Amino acid sequence: MKRIILFLSVATLLSINSAVAASTSMSAEMAAAPKSAIKHAMLKVKGNCESCKDRIEKAALSVKGVKSASWDQKSGVLHLELDSKATSVAAVSKAIAKVGHDTEFDKADAKTYNALPGCCKYKR
Ligand SMILES: [Cu+2]
């Protein structure tokens, strides 16, 4: 009896797995590594130059659980690899606003913005 139950559950798991794998490559990856909480996320952040890039990425990496941060100067999109069990895009957004950069979710306060070097004063 135990063997039959085991066989049935394995068969069920296999069919679920292949159904998921068939849907998209993204969910296939997730099915292959269900224990990993590392995910890719994107966040719009305002800035101008290389110093902005450094400042934005440093602020993002200062948040525990952020594994990598790369801000694209042209598009203003910050690409993140983060442990979704340890942090969130919302927390990263707040950390970035704190160093003077507006994000799609948070605004930097005027005092911090005004203290940025001239080249970094992006349009608000
Ligand atoms: Cu700058």
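What comes next is a walk through the structure. (Residues numbered from 1 in each chain as written. Predicted model: local features only at pLDDT ≥ 70, side-chain atom pairs only at ≥ 80, totals over all residues.)

1. Quick word on the nonpolar core
This is how the line gets drawn: For our purposes the nonpolar core covers buried Ala, Val, Leu, Ile, Met, Phe, Trp, Tyr and Cys residues that link as a set through C-beta atoms within 7 Å. For the exposure call, what matters is how many other C-beta atoms sit within 10 Å of a residue's own: 20 or more marks it buried, 12 or fewer exposed, and in between partly exposed, using C-beta atoms placed from the backbone. Each residue gets a C-beta atom placed from its backbone, and two residues are in contact if those atoms lie within 7 Å.
Within the largest apolar cluster, 17 residues are counted, with the highest numbers of intra-cluster contacts made by Ile56, Ala60, Leu78, Leu80, Val92 and Ile96. Apart from the residues within four sequence positions on either side, Val92 is in contact with Leu43, Ala60, Val63, Val66, Leu80 and Thr87.

2. Description of the sheet that holds strand E1 (residues 38-44)
Applied cut-off: The pairing criterion for strands is at least two bridges between them, as found by DSSP. Each helix corresponds to a stretch of at least 4 residues labelled H or I by DSSP, and each strand to a stretch of at least 2 residues labelled E; elements are numbered beginning at the N terminus. Helix axes are fitted to C-alpha atoms over the stretch in contact, other axes to C-alpha atoms as well, and angles between N-to-C directions run from 0 to 180 degrees.
The antiparallel open sheet is built from 3 strands, whose spatial order is E1-E3-E2. Two strands close off the open sheet at either side, each with one partner strand: E1 and strand E2 (66-72). Between one strand axis and the next, the sheet turns by 15 degrees as a mean value, whatever way the strands run. Across 6 bridges, E2 lies against strand E3 (residues 77-83) in antiparallel orientation. What sits directly across from Val66, in E3, is Leu82. Strand contacts of helix H3 (residues 50-61): E2 and E3, with the helix running at about 160 degrees to E2, the strand carrying the most contacts.

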